[in-house]
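So the chains spell out like this:
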Amino acid sequence: DAGVTQSPTHLIKTRGQHVTLRCSPISGHKSVSWYQQVLGQGPQFIFQYYEKEERGRGNFPDRFSARQFPNYSSELNVNALLLGDSALYLCASSYYRETEAFFGQGTRLTVV
Amino acid sequence: GENVEQHPSTLSVQEGDSAVIKCTYSDSASNYFPWYKQELGKRPQLIIDIRSNVGEKKDQRIAVTLNKTAKHFSLHITETQPEDSAVYFCAASRGNSGGSNYKLTFGKGTLLTVNP
């Protein structure tokens, strides 16, 4: 039984570039959330999608966007990358919006 | 918005001792409180959670207590083992609030070291 899978696992980008991160939720889970985890800190909420609609947005600039597909997988897009965007990006899936959230292994993004 | 404070930031115990990590939250509407364990370079793993309609929950060596009046909750690990060494995060959310933004607000984490 596969857990939450994210791709790629590691990524190095240059300032100003664009990045797309991908997430496949646990089979049957309808909700996907994205979190940013800076080294030494707890994860910070970026977005939640449920049934392909954005249901929540954290305090992140408009350079961050996301979407959820009919199969409930999701993409996180970040434009005009800054050095400060370097972090571990975590995807979490849950059956409903308010049920237990299970995390993927994350994508380690380094912006140089 | 919700703010979650977590203490201590580091905790070192001897194998077999107990460990306690405490968190406070600010949003009285929060009603779901999970705890995650994150080993170095790995994903956060849900180890136990509690909802606001109960005051305590146990799962083998792990227990969580919740005081809604004081807005704090704690993780208790008994008979600690070296494999319990990790960073532990508490979180809070308005789960089950019907229509509200369900998001987890995390504490800054506690690095637990269990010395053999």
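Keep in mind that what you see is a predicted model, and the values were worked out from it rather than measured.

Here we take up the sheet that holds strand β7 (residues 62-67) of chain B. Residues and elements named next belong to chain B. Spatially, the five strands line up as an open sheet ordered β1-β3-β8-β7-β6, and their pairing is antiparallel. Sheet topology places β1 (4-7) and β6 (56-59) at the edges, where each strand pairs with a single neighbour. Going across the sheet, the axis of each strand differs from the next one's by a mean of 15 degrees, ignoring polarity. Where β6 lies against β7, four bridges are found, and the strand directions are antiparallel. Considered in β7, the bridge of Lys57 is made with Val64.

Residues and elements named next belong to chain A. Along the chain, the position of Ser73 falls in the loop between β7 (64-68) and β8 (74-78). Polar side-chain contacts of Ser73 include one of 2.7 Å to the side chain of Asn71. With residues near it in sequence (within four places) discarded, Ser73 still touches Cys23, Ser24, Pro25, Arg67 and Gln68.

A separate point is the sheet that holds β8(A). Residue and element names in this part refer to chain A. Pairing within the open sheet is antiparallel, and its four strands lie in the order β1-β3-β8-β7. Every interior strand has two partners, whereas the edge strands, β1 (5-7) and β7, have only one. When the angles between neighbouring strand axes are averaged without regard to direction, this sheet yields 15 degrees. Bridge analysis of β7 against β8 gives five bridges, and the strand direction is antiparallel. Directly across from Gln68, in β8, lies its bridge partner Ser74.

What follows concerns the interface of chain B and chain A. Opposite the 20 residues of chain B that make contact, chain A presents 23 residues. Contact with chain A buries surface across chain B, with B:Arg43, B:Tyr102 and B:Phe106 losing the most and accounting together for 33% of the total. The tally of links from chain B across to chain A stands at one salt bridge. Between A:Glu100 and B:Arg51 there is a salt bridge, with the nearest N and O atoms lying 3.9 Å from each other. Listing elements by their share of the side of chain B that touches chain A, those giving two or more residues are β4 (32-38) and β5 (45-51) of chain B.

Per the counting criterion, the structure on display carries two disulfides over all chains. There is a disulfide in this structure between A:Cys23 and A:Cys91, and the S-S distance comes to 1.8 Å. Handedness of the A:Cys23-A:Cys91 disulfide follows from its S-S torsion of about -60 degrees: it is left-handed. In this pair, A:Cys23 sits in strand β3 (residues 19-24) while A:Cys91 sits in strand β9 (residues 87-94), placing the two residues 68 residues apart along the sequence. Between B:Cys23 and B:Cys90 runs a disulfide, and the two sulfur atoms are separated by 1.9 Å. Taking the torsion about the sulfur-sulfur bond, which here is approximately -100 degrees, the covalent link between B:Cys23 and B:Cys90 counts as left-handed. Residue B:Cys23 is found in strand β3 (residues 19-25), and its partner B:Cys90 is found in strand β9 (residues 86-92); the two are separated by 67 residues along the sequence. The buried category is assigned to B:Cys23, whose relative accessible area is 1%. What makes B:Cys90 buried here is its relative accessible area of 0%.

Scoring rules and cut-offs
- Residue numbering note: each chain is counted from 1, following its sequence as written.
- Chains carry letters from A onward and ligands carry numbers from 1 onward, assigned in written order.
- The predicted origin of the model limits local features to residues at a pLDDT of at least 70 and limits the giving and counting of side-chain atom pairs to 80 or more, whereas totals for whole chains, interfaces and linings rest on all residues.
- Computation of side-chain values covers all heavy atoms of the structure but excludes hydrogens and water.
- We treat two strands as partners when DSSP finds at least two bridges between them.
- Each helix is a run of H or I in the DSSP string that is no shorter than four residues. Each strand is a run of E no shorter than two, and both are numbered from the N terminus.
- Structural elements are reduced to axes, namely lines fitted to C-alpha atoms, with helices fitted over the stretch in contact, and the angle between N-to-C directions of any two is expressed from 0 to 180 degrees.
- Here a polar contact means two N or O atoms within 3.5 Å. Within protein one must be a hydrogen donor candidate and the other an acceptor candidate, and residues neighboring in sequence count only if both atoms are side-chain atoms.
- Residue contacts are counted whenever heavy atoms from the two residues lie within 4.5 Å of one another.
- Defined here as a combined quantity, buried area equals the accessible surface (1.4 Å probe) lost by two parts on assembly, summed across both.
- Any carboxyl oxygen of Asp or Glu that lies within 4 Å of a side-chain nitrogen of Lys or Arg is treated as forming a salt bridge with it.
- Two cysteine sulfurs form a disulfide in these notes if their separation is within 2.5 Å.
- Each residue gets one of three labels from its accessible area relative to the maximum for its type: buried under 20%, exposed over 50%, partly exposed in between, using a 1.4 Å probe on protein chains only.

Read these as spatial facts, not as claims about activity.
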